[in-house]
Amino acid sequence: MAETKKELEAIEDALKRASVKIYEEIQRHIGWTGDEISSFVQEGATQKTTKVNTSGDKVLQLDMLADKHVEDALRDCPYVAGFASEEREDFVQLHPDGKYTVVFDPLDGSQNVPVNITVGAIFGVFKSPNLEVVEKGEEIVAAGYALFSTALQFAYCTRDLPVHMSQYNFVDNDWVKYLDNFSQPKKGKTYAINEGSCANWDEITATFVAQHLRGRSVRWMCCMVSDVARQMLQGGCFLYPADKKYPKGRLRLVYEAVPLAFMWERAGNGKAYATVEGERILDRRIPHEDIHARCGVIFLGEDEASKFDRLRESAPSWLGGQPEAKAKLARSKSETAAISEASTLRIALVIGAALNIALLYRATR
């Protein structure tokens, strides 16, 4: 046990070093250039790239540099057997005697870079010399994320250590721990989902947002680390479910969904689902044939999970369980609520007008 703790701490330190290097690269970044491609300064030259990675996403030069910084840090850690990255096609072998495999997205939300908005990095650790013997996400032993924003922050947890968070002090060139045993609030005031995709949602997601998240403010940064971190720290939920446009989901299972699902569940009594039917992300099989496979992501805080579970458990009985009937019922409930609100508003306006007339009449007498 003590040996494992020491090894996971060494991996954490390596990932922290890589995060500092990535943040320093971001600081040299040149912002919007007019052609929607981010540039940054390296060796006195401004360089650009239009590469596309295995996942089909555009790759900035900053993505590749971030990937290299993580690789360099892991090469200096003898406990790491190898790694799998969003920017690499296959598993990369490092130390033959290593016990651990690290999976990571070195620059999550990199399309935010041209307009200078928050980005992050995601890390997961398996106690395995490679991914071939890992069957499910549940086998993950540690996970963390780096948040590159107004400050450089790093969060990490293991099976034995709760979520803890540190911030880098660039004056002393050292990390300062500011949360040692984090616990997510039971309920939040905001939620994160791309509401522009509402036409593609399934009826459970649409009904959950319409009925149970009304009155809250939506927060959406287009960076999984940023959006999940806010909802984890302040309470709430993050949803990027599979939908009509992306029936297999949009986020990568191995190096995005699994690490952050592990952290989400370690941070409290929330739930991390891959589907609206309640399939747990960490119970999903690791696809050895495609480490870049995608999945749906539904992270729910304790209160939100309770409401979501009640909704999905009742869904099969809605009018016989037919999808068309369920959707019709969801729409009718939404329309009824809207009509009720409109009626209430009209009544309030009429009463207000009558009071104004009465006051005016009284004043002229």
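Residues numbered from 1 in each chain as written. Predicted model: local features only at pLDDT ≥ 70, side-chain atom pairs only at ≥ 80, totals over all residues. Heavy atoms only, no water.

**Considerations on the sheet that holds strand S12 (residues 164-169)**
Rules: Note on pairing: two strands pair once DSSP finds at least 2 bridges between them. Put simply, DSSP H or I for four residues or longer makes a helix, DSSP E for two residues or longer makes a strand, and each gets a number counted from the N terminus. Contact criterion: two residues are considered in contact whenever any of their non-hydrogen atoms come within 4.5 Å of each other. The axes are straight lines fitted to the C-alpha atoms, using for helices just the contacting stretch, and the angles between their N-to-C directions are given from 0 to 180°.
The strand order across the open sheet formed by 8 strands is S7-S6-S8-S9-S10-S11-S12-S13, and the pairing between neighbours is mixed. Looking at strand neighbours, the two that pair on one side only are strand S7 (92-93) and strand S13 (174-179), the edges of this open sheet. On the sheet, helix H2 (residues 61-75) packs against strand S6 (80-85), strand S8 (100-108) and strand S9 (119-126) and is oriented at approximately 155° with respect to S8. Relative to strand S10 (residues 140-148), helix H4 (residues 224-234) is tilted by about 105°, and along the sheet it contacts S8, S9, S10, S12 and S13.

**Comments concerning the side chain of Asp202**
Note the cut-off: Exposed residues in this analysis have more than 50% of their type's maximum accessible area, buried residues have under 20%, and partly exposed residues fall in between, with area computed by a 1.4 Å probe over protein chains only. For the purposes of these results, a polar contact is taken to be a pair of N or O atoms within 3.5 Å, where, inside protein, one atom must be able to donate a hydrogen and its partner to accept one; residues adjacent in sequence count only when each atom of the pair is a side-chain atom.
Position of Asp202 relative to the elements: it lies in the loop between strand S14 (190-191) and helix H3 (203-212). Residue classification places Asp202 among the buried positions, given a relative accessible area of 18%. One polar contact links Asp202 to Thr205, side chain to side chain, over a distance of 2.8 Å. Excluding anything up to four places from it in sequence, Asp202 contacts Ala242 and Val276.

**Here's the deal with the sheet that holds strand S20 (residues 297-300)**
On the basis of which strands lie adjacent, the open sheet formed by 3 strands has the order S16-S20-S18 and antiparallel pairing. Taken across any chain shown, the strands that pair with only one partner, and hence form the sheet edges, are strand S16 (237-240) and strand S18 (271-273). Between one strand and the next, the sheet's axes are offset by a mean angle of 10°, whatever the strand orientation. Pairing analysis gives 4 bridges linking S16 to S20, with the strands arranged antiparallel. Looking at the pairing, Cys237 lines up with Leu300 of S20. Its contacts with the sheet put H4 on S16 and S20, and the angle it makes with S16 is roughly 150°. The strands touched by helix H5 (residues 253-266) are S16, S18 and S20; relative to S20, the strand with the most contacts, the crossing angle is about 10°.

**Thoughts on the confidence of the model for the chain**
Definition in use: What pLDDT expresses is the predictor's confidence in each residue, scored from 0 to 100.
With 79% of its residues at a pLDDT of 70 or more, the chain has an overall mean of 87. Between residues 318-326, whose pLDDT stays under 50, and residues either more than four places distant or in other chains, the model counts 12 contacts.

**As for empty space enclosed by the protein**
Take a probe with the size of a water molecule and roll it over the atoms, and the empty space left behind shows itself. Going by this rule: Cavity: a set of points on a 1 Å grid over the protein atoms alone where a 1.4 Å probe fits but cannot get out. Pocket: an open set with protein on both sides within 12 Å along at least five of seven lines, its lining residues, like those of a cavity, having an atom within 4 Å of a point. Grid points are joined across faces, edges and corners, and a volume is the space filled by probe spheres set on the points. We call Asp, Glu, Lys and Arg charged. Ala, Val, Leu, Ile, Met, Phe, Trp, Tyr, Cys and Pro are nonpolar, and the rest, Gly among them, are polar.
All told, the structure shown has 1 cavity of 30 Å³ or more when counted by the stated rule. When its volume is computed, the largest cavity comes out at roughly 50 Å³. Its residues assigned to classes, the lining of the largest cavity comprises 5 nonpolar, 2 polar and 1 charged.

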